[in-house]
Amino acid sequence: AIVTELLYPTSRLLQNITGLLTARNKPIFGDNAFAHESGIHQHGVLSNLETYEIMKPESIGRNRESLAMGRHSGKHALIEKIRQFNLTLDEDQFNQVFQLFTEVADKKKEVYDDDLLIIVASVLNSVSTGFKMEYFHVFTGNTIMPAATVKITKDDEVLVGSETGDGPVDALFKAIENCTGYVGELEEYTIQAVGHGQDAQGHVKISVNFGGISVIGKGSSTDVIKASALAYLNAINHYLVQENTGK
């Protein structure tokens, strides 16, 4: 009578109660459990999920994040990512994209989907890169109502919006929703330090539900407010990709 789909949500609840984050390499519940960056691992999983996965992430209430793109990723994984974007490239275009991808991957620990879309756009010169943050302003304090203003672009469209909220991140998320027109329900919000010292980068990972579809968003910056904004835009752009692919 165990409802296995509630195992992962229960794990997240326990983390929220205790304030202790699960290690990335923790079996089943860690962020790396269903993520594959090694080229040979990605090729194996794309050929047959059971090569490296003994269970489906959906069976324990997780979203699938099978392909973590990085310096160890190979061409098979990149082909699959581009297919997920519902894009078609000829051999020469793909080789250009792969070359640019490897250059970015050598500089970043993880290459996000937004990074890949920008790379593809630079080769095709005709692909929408989704919503992009131009700037944001946040006003907060213990004696004022937190407020945020953002400027976002999408292709040639310029969007500006302002909102108040319970805190700077809440106000920023609402301002982004105001601009983009996409309103989601925040299911998970996690911040982890990448590196050491006061100038370490903050890595924000969120899960957002848009009309019954849960998507993951990620962002990194030495400013955790900026990282939060980038993560939310990343989630919206992920949803756009799924929405467009569905159409």
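Structure's up top.
Residues numbered from 1 in each chain as written. Predicted model: local features only at pLDDT ≥ 70, side-chain atom pairs only at ≥ 80, totals over all residues. Heavy atoms only, no water.

Concerning the overall build of the protein chain
The helix and strand inventory of the protein chain stands at seven helices and six strands. Ordering the α and β elements of the protein chain from the N terminus gives α-α-α-α-α-β-β-β-α-β-β-β-α. When each of the 247 residues of the protein chain is scored for burial, the buried share is 43%. As displayed, the protein chain offers around 13,800 Å² of accessible surface, 52% of which is attributable to carbon and sulfur atoms. (Helix = DSSP H or I, 4+ residues; strand = E, 2+ residues; numbered from the N terminus. Buried < 20%, exposed > 50% of the residue type's maximum accessible area, 1.4 Å probe, protein only. Areas by Shrake-Rupley, 256 points an atom, 1.4 Å probe, with all protein chains shown as cover.)

Side note on the packing of helix 3 (residues 75-84) against helix 4 (residues 91-105)
Remark: helix 3 packs on helix 4, axes separated minimally by 11 Å, with the N-to-C direction vectors making an angle of 110°. When the axes of helix 3 and helix 4 are compared, the pair comes out roughly perpendicular. Helix-helix and strand crossings are classified by hand; for helix 3 and helix 4 the assignment is right-handed. On helix 4, the residues that touch Lys 75, Leu 78, Ile 79 and Ile 82 of helix 3 are Phe 94, Asn 95, Val 97, Phe 98 and Phe 101. Here the residues of the contact of helix 3 with helix 4 are counted per class, giving seven nonpolar, one polar and one charged. (Axes fitted to C-alpha atoms, helices over the stretch in contact; angles between N-to-C directions. Parallel < 35°, antiparallel > 145°, perpendicular 65-115°, else oblique. Left-handed = near helix turned anticlockwise from the far one by under 90°. Contact = heavy atoms within 4.5 Å. Nonpolar A, V, L, I, M, F, W, Y, C, P; charged D, E, K, R; others polar.)

Considerations on the sheet that holds strand 3 (residues 157-164)
Taken in spatial order, the three strands of this open sheet run 1-2-3, and their pairing is antiparallel. Among the strands making up the open sheet, the edge pair consists of strand 1 (132-139) and strand 3. Neighbour to neighbour, the strand axes of the sheet diverge by 10° on average, direction disregarded. Here strand 1 pairs with strand 2 (residues 147-154) via seven bridges, running antiparallel. Note on strand 2: the bridge partner recorded for Phe 139 is Ala 147. Contacts from helix 6 (residues 168-180) reach strand 1, strand 2 and strand 3 within the one sheet, and its direction differs from that of strand 3 by about 140°. (Pairing = 2+ DSSP bridges.)

Observations concerning the environment of Val 3
Inspection of the secondary structure assignment puts Val 3 in the segment before helix 1 (7-18). Val 3 sits 57 residues away from Ile 60 along the chain, and the two C-alpha atoms are 8.4 Å apart.

Observations concerning the packing of aromatic side chains
All told, the structure shown has seven aromatic pairs when counted by the stated rule. Relative to Phe 98, the ring of Phe 94 lies with its centre 6.3 Å away and its plane at 20°, an arrangement referred to as stacked. Here the residue Phe 94 and the residue Phe 98 both occupy positions in helix 4, the gap between them amounting to four residues, near one helical turn. As far as the burial class goes, Phe 94 and Phe 98 line up, both buried. Here the aromatic rings of Phe 98 and Phe 101 are separated by 6.3 Å at their centres, their planes lie at 35°, and the arrangement is tilted. (Phe/Tyr/Trp six-rings, centres within 6.5 Å; stacked < 30°, edge-to-face > 60°.)

What about the pairing of strand 2?
Of all eight residues that make up strand 2, six are buried, and the element is covered over most of its length. Where strand 2 hands over to strand 3, the hairpin turn is made up of two residues, of which Asp 155 adopts a positive phi near 55°.

Quick look at the nonpolar core
Most often, soluble globular proteins keep nonpolar side chains buried together rather than apart. Among the nonpolar cores identified, the biggest contains 29 residues, and Met 133, Val 150, Ile 152, Leu 172 and Ile 176 are the most heavily contacted of them. Of all elements in the fold, only strand 1, strand 2, helix 6, strand 5 (201-210) and helix 7 (224-246) reach the threshold of two or more residues within this core. No other element matches helix 7, which puts 10 residues into this core. (Core = buried A, V, L, I, M, F, W, Y, C linked by side-chain atoms within 4.5 Å.)

Considerations on the pattern of salt bridges
According to the stated counting rule, one finds two salt bridges in the structure shown. For the salt bridge of Lys 154 with Asp 155, the shortest nitrogen-to-oxygen distance reads 4.0 Å. For Asp 155, a relative accessible area of 53% corresponds to the exposed category. Among the ionic pairs, Lys 174 bridges to Asp 170, the shortest N-O distance being 3.4 Å. Remark: Asp 170 and Lys 174 occur in helix 6; sequence separation between them is four residues, near one turn of the helix. Look at Lys 174 and you get partly exposed, because its relative accessible area is 34%. Of the residues examined, Asp 170 reaches a relative accessible area of 25% and is grouped as partly exposed. (Salt bridge = Lys/Arg side-chain N within 4 Å of Asp/Glu carboxyl O.)

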